[in-house]
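An overview of the molecular structure
Residues per chain are reported as follows:
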Amino acid sequence: MAALEKIRNKAVLLVAVIGIALFAFIIGDFLNSGSTWFHQSKETVIDVNGTAVKIHDYDAKLQETMEGYKNQMGGNIPDEYVGQIRQEVYDRTVMEILLNEESEELGLSVTPEELFDMVQGENISPVVRNIPAFMNRAGVFDRDRMLQFLQHIETTDFSNMSQEQRAEIENDKKQWLLVEKQLKQNRLAEKFGALVSRAIVVNSIDAKAAYENNKTSVDFDFAMQAYASIPDSSVVVSSKEIEVLYNKRKELFDQPEGRIIKYIAVPIVPSKEDYAEVEKTMNSVKSDFIQNEDVADVMNDNNSDIPYVDAYLSAASLSANVRTFAQNAQIGDVEGPTLVGTTYHLLKLIGKTTGADSVKVNLMPLPNVAEKEQKQYSDSLVNLIKTGNQTFSQVVLAMTNGRMNGDLGWLTEESAIETFDATFKNAVFNAPVNEFMHYKATSGQSFIYQVVQRTSSVTKYKVADFAIAVTPSTTTETGLYNDLSRYVVENNTLDKFESSANEKGYICNKDVVVTATDNNLGNMRDTRKVIRWAFDHKKGEMSEIYECDSRNYVVAMMEGVQKEGYRSLESVSELLKRELINDKKAEKITADLNAKKLSSLQQYAEAMNTTIQSVKFVNFDTRMISGIGFEPSLNAEASIIELNKISNPVKGNNGVYVIQATNKTVDNKEFNLTEQRESLDPSLRYRVMGGIITALKDNAKITDNRVRFY
């Protein structure tokens, strides 16, 4: 009983203790699950309407695309392409999600039968046809190779295979699944585009308007007084006027979230000592360069930045310094070392001759078959061309499934060597015009070539250009880095970071706004790392020193945050003020001209303190007028002005114009509604598709977290 009494007395306390324990259990479970959710959200690169793309999936897409570009470029991807490729993958990923959503709602899909047709049927996709593994040595799509590959990846019997062979098959299968995914996505996009396109037609009013806009072409003379001819101080713009224009144009000033930074960029350039060291090297090589007849060996042994090319080139094909030397030197003469830009040159004239500077060449790849069969095959092709049944171009197009037309274009001796080798260069520059000749490359591939045209004979020169560019030494780079390091230690506040820069010979770029999608700071490449840093730090914090593109050391400080929304009136007031100033200058110029009651274009030109100029072939739809630029007011005026009449002053973007039509050409071709629609349909559909894509993105809820990862 005593125990029960104690429990009764402590009941309130017990309930409280149990309640706290239960709450702790529940909240603990929530925190655990919340931790999982938070971890997953941190892995999300993009979220489109609730569809999340995780970092490992996105990175796999990015790497696949990078590998594709590497294969196309034959090696590494230049730094300037990396940002573009990342943006391409982002745009493609977002559009795939949006397109799949729309297609599902519309009931669009790609059936297995369609996929089979794109791979093995009558309508094999260009994506499949252009896969190098499916091409023969002539660069032509080979259906049998493709079928062998498909059988290869369907292999299930691994009993007699090594681990490496099994891994190869699995990798090939994985790559093929990516191709199939691309095929499906392309077909889905085609269906969606076709559906939209069929809903869009050019109506008769638009067709007639387009016909009328292009029907009349006008030549006119004009005089123009630029707004810059009047001092800004001669017109007054009030803050109220700027505010009114701001409210009218506010939608144009929408801005994304960003970070505001200051940064100093120190160019990594050679020192005086670096120049002296290279000049010393060049002088030490000069005697060998003069005495040794085999200059190629001297250049190769001493790592010339410009390789020796055993070719004669016309003066027009040579750089300015080489041309001047070649035209004034005797064979065997040597000049230099001479500094041009940041490169030292030693020049030696090897020879002079006369001959064609360039030849125009047709080239046809031949299949890799036995020599006897190949001769019969090539003879039949040549006969087909000679009899006029097909042109050289038509034969090559048929042989390569439209990938080549056989036209190599104009080749100099140097570009002929670059195309194949010196043997090919000698062959084409000595071949008779219009004859069909055979050439076998060192790779074993055989060709038919035809020289169809030669330039007239000119003097040509063979010059050895031994060159070494001056680059910053390790000592120079270390010195620049250490100097900047000392500066940032001593000037680590926002004010001192900027105010001390000039004294140390640095330029501090301030109030620089960067957004999460920016890839570079100004014109500096490989500066994405600085932008990523800015989005992860607070006002007053300083970055480490980054080496960007091996050309600059960059250090930044955070100034603040630019909020998403409209730019402030203060930040755009100067831009709006300039527009209002030009408007008032236009009113002043027009009023002054009208007051003088001028009657000829020459009088207008004299009043404007300018000269008369002329333009030709302007119609209502001319986007950029030659020598003038984008001036839609002039397009409109020119389309209605009578021949030989002088217009009233016309307000333009750059100044006030007066024009006089000197000629009008009217296309008397009868209006044909069907033809006009056909000519306008492609551009209209393209614009509509672009508008739909923009609308889909604008109406979607897209979260872009790429700045966390890249």
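None of the values given here were measured: they were computed from a predicted structure.

**Focus: the packing of aromatic side chains**
Enumeration according to the criterion identifies 18 aromatic pairs in this entry. Ring geometry for Phe-392 versus Phe-436: centroids 6.3 Å apart, planes at 5 degrees, classification stacked. Within this pair, whereas Phe-392 is found in helix α15 (residues 392-399), its partner Phe-436 is found in strand β11 (residues 436-440), the two being separated by 44 residues in sequence. Pair check on accessibility: Phe-392 and Phe-436 agree, each one buried. Members of the aromatic cluster, connected to one another through ring pairs, are Phe-420, Phe-424, Tyr-439, Phe-447 and Tyr-449. Over the face of the ring belonging to Phe-671 we find Lys-208, whose NZ or CZ atom lies 4.7 Å from the ring centre. The ring of Tyr-90 has Arg-706 sitting right over it, with the charged end atom 3.7 Å from the ring centre.

**A few points about the confidence of the model for the chain**
Residues with a pLDDT of 70 or more make up 92% of the chain, whose mean pLDDT is 86. Within the chain, the lowest mean pLDDT, 44, falls on helix α1 (residues 2-9), and the highest, 97, falls on strand β19 (residues 650-651). A low-confidence stretch, residues 1-27 (pLDDT under 50), is modelled with one contact involving residues beyond four sequence positions or located in other chains. Overall, residues 29-38 carries pLDDT values under 50, and its contacts beyond four positions in sequence, including any with other chains, amount to zero contacts.

**Quick word on the nonpolar core**
Nonpolar side chains in soluble globular proteins tend to end up buried together. Within the largest apolar cluster, 19 residues are counted, with the highest numbers of intra-cluster contacts made by Ile-46, Tyr-58 and Leu-98. Every element with two or more residues in this core is listed here: β1 (44-48), α3 (55-73) and α4 (79-106). With eight residues, the single largest contributor to this core is α4. When neighbours within four sequence positions are excluded, Tyr-58 is seen to be in contact with Val-45, Ile-46, Val-53, Arg-86, Val-89, Tyr-90, Thr-93, Arg-706 and Tyr-710. Ala-516, Ala-534, Phe-535 and Val-554 belong to the second-largest nonpolar core, a separate cluster that totals 17 residues.

**Examining α15**
For α15, the complete set of buried residues consists of Phe-392, Val-395, Val-396 and Met-399. Within α15, the buried residues cover an arc of 95 degrees as seen down the axis, which keeps them to one side.

**Brief notes about the packing of helix α14 (residues 371-386) against α15**
One can describe the packing of α14 onto α15 by two numbers: an axis separation of 9 Å at closest approach and a directional angle of 135 degrees. In terms of orientation, α14 lies oblique with respect to α15. Like other packed secondary-structure pairs, α14 and α15 cross with a definite hand, here right-handed. Between α14, through Tyr-377, Leu-381, Leu-384 and Ile-385, and α15, the contact on the second element is made entirely by Phe-392, Val-395 and Met-399. Taken together, the residues of the contact of α14 with α15 break down into seven nonpolar, no polar and no charged.

**Topic: the side chain of Asp-465**
Relative to the helices and strands, Asp-465 is located in strand β13 (residues 457-469). Buried within the structure, Asp-465 lacks any salt-bridge partner; Arg-323 is the closest side chain of opposite charge, at an N-O distance of 12 Å. Here the side chain of Asp-465 touches His-345 through a polar contact of 2.9 Å, side chain to side chain. Ignoring sequence-local partners within four residues, the contact set of Asp-465 consists of Met-299, Ser-304, Ile-306, Val-322, His-345, Leu-346 and Leu-347.

**As for a negative patch on the surface**
Judged by side-chain charge, Glu-293, Asp-294, Asp-297 and Asp-301 come together as a negatively charged surface patch. Its location among the elements puts Asp-297 in helix α12 (residues 295-301).

**What about the sheet that holds strand β15 (residues 546-548)?**
Spatially, four strands are ordered β14-β5-β16-β15 in an open sheet, and the strand pairing comes out antiparallel. One side of each edge strand has no neighbouring strand; the edge strands of this open sheet are β14 (508-515) and β15. Strand-to-strand twist across the sheet, computed as the mean angle between neighbouring axes with direction ignored, equals 45 degrees. Pairing geometry for strand β5 (residues 258-267) and β14, over six bridges, is antiparallel. Bridged to Arg-259 within β14 is Val-514. Of the strands in this sheet, β5 and β16 (552-562) touch helix α18 (residues 474-490), which is tilted by about 30 degrees from β16.

**What about the sheet that holds strand β20 (residues 655-666)?**
The strands making up a sheet are joined through hydrogen bonds of the backbone, oriented either antiparallel or parallel. Pairing within the open sheet is antiparallel, and its four strands lie in the order β18-β3-β20-β19. Only two strands of the sheet have a single partner each, and these edge strands are β18 (613-618) and β19. Sheet analysis places β19 next to β20, joined by two bridges and oriented antiparallel. Bridging from a neighbouring strand, Val-650 pairs with Tyr-657 of β20.

Calculation notes
- Residues numbered from 1 in each chain as written.
- Predicted model: local features only at pLDDT ≥ 70, side-chain atom pairs only at ≥ 80, totals over all residues.
- Heavy atoms only, no water.
- Phe/Tyr/Trp six-rings, centres within 6.5 Å; stacked < 30°, edge-to-face > 60°.
- Helix = DSSP H or I, 4+ residues; strand = E, 2+ residues; numbered from the N terminus.
- Buried < 20%, exposed > 50% of the residue type's maximum accessible area, 1.4 Å probe, protein only.
- Lys NZ or Arg CZ within 6 Å of the ring centre and 35° of its normal.
- pLDDT = per-residue confidence, 0-100.
- Contact = heavy atoms within 4.5 Å.
- Core = buried A, V, L, I, M, F, W, Y, C linked by side-chain atoms within 4.5 Å.
- Arc of directions from axis to C-beta.
- Axes fitted to C-alpha atoms, helices over the stretch in contact; angles between N-to-C directions.
- Parallel < 35°, antiparallel > 145°, perpendicular 65-115°, else oblique.
- Left-handed = near helix turned anticlockwise from the far one by under 90°.
- Nonpolar A, V, L, I, M, F, W, Y, C, P; charged D, E, K, R; others polar.
- Lys, Arg positive; Asp, Glu negative; His and termini not counted.
- Salt bridge = Lys/Arg side-chain N within 4 Å of Asp/Glu carboxyl O.
- Polar contact = N/O pair within 3.5 Å; in protein donor to acceptor, adjacent residues only side chain to side chain.
- Patch = residues over 30% accessible without salt bridge, like charges linked within 9 Å, V, L, I, M, F, W, Y side chains within 5 Å.
- Areas by Shrake-Rupley, 256 points an atom, 1.4 Å probe, with all protein chains shown as cover.
- Charge placed at Lys NZ, Arg CZ, Asp CG, Glu CD.
- Pairing = 2+ DSSP bridges.

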